[in-house]
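Examination of the molecular architecture
Now for the letters of each chain:
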Amino acid sequence: MPRERVIQRQGFAFTFDPGACRRCQGRCCNGESGTIFVNRSEIRAISKFLGIGISELMEEYLVKVSHKFSIREIRTNTNYACIFYEKEKNRCSIYPVRPHQCRTFPFWGYFRDRPQEAARECPGVSLLGSE
Ligand code: SF4
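Residues numbered from 1 in each chain as written. Predicted model: local features only at pLDDT ≥ 70, side-chain atom pairs only at ≥ 80, totals over all residues. Heavy atoms only, no water.

Focus on the pairing of strand 7 (residues 79-82)
Direction of pairing for strand 6 (residues 73-76) relative to strand 7: antiparallel, over a ladder of four bridges. For T76, the partnering residue across the bridge sits in strand 7 and is N79. Between strand 6 and strand 7, which pair antiparallel one after the other, the connecting turn spans two residues, and N77 there sits at a positive phi close to 50°. (Pairing = 2+ DSSP bridges. Helix = DSSP H or I, 4+ residues; strand = E, 2+ residues; numbered from the N terminus.)

If you want it as structure tokens, here you go:
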């Protein structure tokens, strides 16, 4: 299997190796409670992918956060997991239509100023200058 390309983005003091996702237990889809925002076109795409109506998707899988929608989380003890994260298979069940927020992880504005935190959270992150 060909190795996935390590990604580097301007303005970020780290690189990301997507190959690390296979060795990771979904740390970006689990852990502390958070928000996984979905916009209208993402809601349409997820509903089409799951073969369910938009109202069913909203009722079963989304929560309203202020004036936006976020993907529901499942709480187990102190862990919060995205409802679409499949623990047994260690994968995202809506991967082809996962929202922008998930596609762009870990290159978020939040981590731009906190590269050490990104490295602690994600085993695919390597701090530049530390290899
Ligand atoms: S939508 Fe998929 S990639 Fe995004 S947090 Fe949920 S399980 Fe993870």
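Some remarks on the packing of aromatic side chains
What the rule picks out here adds up to eight aromatic pairs. With centroids separated by 5.3 Å and ring planes inclined at 20°, the aromatic side chains of F14 and F107 adopt a geometry described as stacked. Of this pair, F14 sits in strand 2 (residues 14-16) while F107 is found in the loop between helix 3 (100-103) and helix 4 (109-112), placing the two residues 93 residues apart along the sequence. Over the aromatic face of F107 sits the side chain of R9, whose NZ or CZ is 5.0 Å from the ring centroid. In this arrangement the basic side chain of R98 is found over the ring face of Y95, its NZ or CZ atom lying 3.8 Å from the centre. (Phe/Tyr/Trp six-rings, centres within 6.5 Å; stacked < 30°, edge-to-face > 60°. Lys NZ or Arg CZ within 6 Å of the ring centre and 35° of its normal.)

Brief notes about the site of the ligand
Around the ligand, the neighbouring residues are C29, I36, I71, C82, F84, Y85, C92, I94, P99 and C102. With respect to the detected pockets, the ligand is housed in the largest pocket. Residue composition of the shell around the ligand, by class: ten nonpolar, no polar and no charged. (Near = heavy atom within 4 Å. 1 Å grid on protein atoms, 1.4 Å probe; cavity = no way out; pocket = protein on both sides within 12 Å on 5 of 7 lines; lining within 4 Å. Sits in = over half its atoms within 2 Å of the grid points. Nonpolar A, V, L, I, M, F, W, Y, C, P; charged D, E, K, R; others polar.)

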